[in-house]
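# Fold and contact review
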Amino acid sequence: MDLLAECGKTLILEIDPSMDAIVCRRKMFYERCGFAENPFPHIHPPYHAENRGHALVVMTIFLPIPQEKYNDFYRYLTEKVLKDVF
């Protein structure tokens, strides 16, 4: 994680919302690694047309990001990563 953080880019993770002990432990692991939870409600778009998006928690290295940076991330996710999914 330290080597990734040294790249000077914002590191973003999407994790499941805390619902059980394993997910809570996973979130605590990322927090120990320096990630912070962001307050934005986040629905990850579906990979298949017949599915719906699902709620995830966005975490970023060191500090939460501002709304504008989150908007850039979500735009990149929908317009680049998932562009040709359907």
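Before going further, it helps to spend a moment on the pattern of salt bridges. Applying the stated criterion across every chain, the model contains four salt bridges. Here D16 ties to R26 by a salt bridge, and the two come within 3.9 Å at their closest N and O atoms. With D16 in the loop between β1 (12-15) and α2 (21-32) and R26 in helix α2, the pair connects residues that are ten residues apart, well separated along the chain. In this structure D16 comes out as partly exposed when scored by relative accessible area, which is 36%. Its salt-bridge partner being E37, residue K27 comes within 2.8 Å of it at the nearest N-O pair. Of this pair, K27 sits in helix α2 while E37 sits in strand β2 (residues 35-37); the two residues are ten residues apart in sequence, bridging distant segments of the chain. For K27, a relative accessible area of 15% puts it in the buried group. Three or more residues joined by partner-sharing salt bridges are found here, namely K27, E31 and E37.

Next up on the list: α2. Relative to the 16 Å expected for twelve residues at 1.5 Å per residue, α2 spans 16 Å between its end C-alpha atoms, a close match to the ideal helical length. If you follow the buried residues of α2, they end up packed against β1, β2 and β4 (54-61). Backbone nitrogen of I22 and a side-chain oxygen of the N-cap are separated by 3.2 Å at the start of α2; the cap is D20. Phi for G34, located one or two positions after α2, is positive at around 105°.

Cut-offs used in this document
- Residues numbered from 1 in each chain as written.
- Predicted model: local features only at pLDDT ≥ 70, side-chain atom pairs only at ≥ 80, totals over all residues.
- Heavy atoms only, no water.
- Salt bridge = Lys/Arg side-chain N within 4 Å of Asp/Glu carboxyl O.
- Helix = DSSP H or I, 4+ residues; strand = E, 2+ residues; numbered from the N terminus.
- Buried < 20%, exposed > 50% of the residue type's maximum accessible area, 1.4 Å probe, protein only.
- Expected span 1.5 Å × (residues − 1).
- Contact = heavy atoms within 4.5 Å.
- Polar contact = N/O pair within 3.5 Å; in protein donor to acceptor, adjacent residues only side chain to side chain.

Read these as layout, nothing more, since geometry by itself doesn't imply function.
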